[in-house]
Amino acid sequence: MHEALLKPSIAFHGHRRLAAGPLHEVALAVKDALDRNVDPVFLYEDATGSIVDLDPRGSREEVLKRLLERIAPAPPSPSEELRGRGRPKLGVVAREVTLLPRHWDWLSTQPGGASVALRKLVEHARRTSGDTDRKRAAQEAAYRFMSSIAGDLPGFQEAARALFAYDRRRFGEIVAAWPEDVRDHAIKLAFSDLDPSGI
């Protein structure tokens, strides 16, 4: 099975959890619920807190095939790769980078040139700011999820402030009255790096 279909996910019917687990299992649970006219149902990806667009028509295999095509488009065929000019594809992606002249001047003096120097800088930044990046990504995922499902619940704005202040205790106090499944998933997304007894 493709790794994109193994991403942790969750589905909600209203404020109640319908299913949680690998994306392919949750997607099929959503399809089954929609086939039984259980509506509305929303499917969320844990990593981003975003809603996953699911077309439930057809067989279970067709649903998963369309979902995979949407979230992980097929790579170009070897013949398509050979048609391009330059080096063969080795997973390198070309994108535009805008820098000031002094930055380009410095990069041009580095061993291996600009590309090697930029890759080294990015790897260094990833190593040194990994925890901060993970915390920010968790906050953003939790906020997306909360905005979608809990935006009209009492204390939403205060909960969002506590979330971005990384105040788990205050966040827990504010969301304590929210529906249990919504509350628990928001806490999991936002503060999974902390001890679960932290609230």
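Just so you know, these numbers come straight off a predicted model, no measurement behind them.

A. Structural view of the pattern of salt bridges. Under the criterion given, the structure shown has 14 salt bridges. Residue Lys188 pairs with Asp46 through a salt bridge whose shortest N-O separation is 3.2 Å. One end of the pair, Lys188, is in helix H9 (residues 180–191); the other, Asp46, is in the loop between strand E3 (41–45) and helix H2 (60–71), and 142 residues separate them in sequence. According to the relative accessible area criterion, Asp46 is buried, its value standing at 12%. We note a salt bridge from Glu173 to Arg170, for which the minimum N-O separation is 3.6 Å. A residue pair is termed a helical-turn pair when its members lie 3 or 4 positions apart in one helix, as Glu173 and Arg170 do in helix H8 (residues 168–175) at three residues. Of the residues examined, Arg170 reaches a relative accessible area of 40% and is grouped as partly exposed.

B. Structural detail: the side chain of Ser9. Note on placement: Ser9 falls in strand E1 (residues 8–13). Engagement of the side chain of Ser9 in a polar contact is seen with the backbone oxygen of Lys7, the distance being 3.0 Å. What Ser9 contacts, discounting residues up to four positions off in sequence, is Ala19, Ala20, Gly21, Leu23, Val26, Leu43, Tyr44, Glu45 and Asp46.

What counts, and at which threshold
- Residues numbered from 1 in each chain as written.
- Predicted model: local features only at pLDDT ≥ 70, side-chain atom pairs only at ≥ 80, totals over all residues.
- Heavy atoms only, no water.
- Salt bridge = Lys/Arg side-chain N within 4 Å of Asp/Glu carboxyl O.
- Helix = DSSP H or I, 4+ residues; strand = E, 2+ residues; numbered from the N terminus.
- Buried < 20%, exposed > 50% of the residue type's maximum accessible area, 1.4 Å probe, protein only.
- Polar contact = N/O pair within 3.5 Å; in protein donor to acceptor, adjacent residues only side chain to side chain.
- Contact = heavy atoms within 4.5 Å.

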